[in-house]
Amino acid sequence: NRIYVSGMGMESEWRAEDLHVRGTTATAQFVGQVRLIRGTLALAGRRFRLDDGTVTFAGPRPPRIDLAASATIDQVDVGINVSGSSTNPQIAFTSTPGLPQDEIVARILFGSSVTQISAIQAVQLAASLNSLRGGSGGLNPLGRLRSATGIDRLRIIDADTATGRGTAVAAGMYLSDDIYVE
């Protein structure tokens, strides 16, 4: 009844509910579900609280995921909902007060309104929204460069006059499931 999931930004505890394994060792199939007890999700440098979660196993079909996370960013309550098949999950954003999707994503990624981000951040925002919508076309030069080089994460960091840092490029790779270098 205590299943811990840790990695890729998620730290969570789950419990199995009427979970069975059927079939043979070569064709094992899970039937039942696991439910979230508690957890957190780190996304784009922000910490989200996992509010609700269920993973439903139905034999040979891919598991179904239903996950809800929330955080307060710049005085706006932001929600992330992941639902659907594990092979094609759908991601939706909500907020209180209600804001458009691009505004919510800008607050998650950059901590400020879409009207206050730089041109470089606007390109990153457009690429992020395109990626979340499942698009492979459109303007995504960083994504194409990342794919071509085999780098796991590539991003442009704006200049910071307070620290004296100029505009920079950050590249990172996972050396193992537990080690990330940037």
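Rules used throughout
- Residues numbered from 1 in each chain as written.
- Predicted model: local features only at pLDDT ≥ 70, side-chain atom pairs only at ≥ 80, totals over all residues.
- Heavy atoms only, no water.
- Helix = DSSP H or I, 4+ residues; strand = E, 2+ residues; numbered from the N terminus.
- Polar contact = N/O pair within 3.5 Å; in protein donor to acceptor, adjacent residues only side chain to side chain.
- Contact = heavy atoms within 4.5 Å.
- pLDDT = per-residue confidence, 0-100.
- Buried < 20%, exposed > 50% of the residue type's maximum accessible area, 1.4 Å probe, protein only.
- Core = buried A, V, L, I, M, F, W, Y, C linked by side-chain atoms within 4.5 Å.
- Salt bridge = Lys/Arg side-chain N within 4 Å of Asp/Glu carboxyl O.

Looking at the element boundaries, Thr54 is found in strand β4 (residues 46-58). Engagement of the side chain of Thr54 in a polar contact is seen with the side chain of Arg35, the distance being 3.1 Å. If we ignore the near neighbours within four places in the chain, the residues touching Thr54 are Trp14, Gln33, Val34, Arg35, Arg64, Ile65 and Asp66.

Right, let's talk about the confidence of the model for the chain for a bit. Caution is warranted with low-pLDDT regions, since their predicted coordinates should not be read in detail. Put simply, the chain has an average pLDDT of 80, and 79% of its residues get 70 or more. In the predicted structure, residues 135-139 sits below a pLDDT of 50 and forms six contacts with residues beyond four places in sequence or in another chain.

This paragraph deals with the environment of Ser70. Within the element layout of this structure, Ser70 appears in strand β5 (residues 61-73). Judged by its relative accessible area of 16%, Ser70 falls in the buried class. Each C-alpha atom of the pair Ser70 and Leu41 lies 9.2 Å from the other, and the pair is 29 residues apart in sequence. Setting aside anything within four residues of it in sequence, one finds Ser70 in contact with Phe48, Arg49, Asp51, Val78 and Gly79. Polar side-chain contacts of Ser70 include one of 2.6 Å to the side chain of Asp51.

This brings us to the nonpolar core. Formed by 20 residues in total, the largest nonpolar core has its most connected members in Phe48, Leu50, Val78 and Ile108. Elements supplying a minimum of two residues to this core: β2 (10-22), β3 (29-43), β4, β5, β6 (76-85) and α1 (101-110). Residue contacts for Leu50: discarding those within four places in its chain leaves Met10, Ser12, Leu36, Gly39, Thr40, Leu41, Leu67, Ala68 and Ala69.

Another point: the pattern of salt bridges. Opposite charge on two side chains lets them pair, provided their charged atoms get close. The final tally for this structure, using the stated rule, is six salt bridges. A salt bridge links Glu17 to Arg35; the nearest nitrogen and oxygen atoms lie 2.8 Å apart. Residue Glu17 is located in strand β2, and its partner Arg35 is located in strand β3; the two are separated by 18 residues in the primary sequence. When its relative accessible area of 26% is taken as the criterion, Glu17 is described as partly exposed. On the basis of relative accessible area, Arg35 is assigned to the partly exposed category, the value being 29%. The salt bridge partner of Asp51 is Arg49, with a shortest N-O separation of 2.7 Å.

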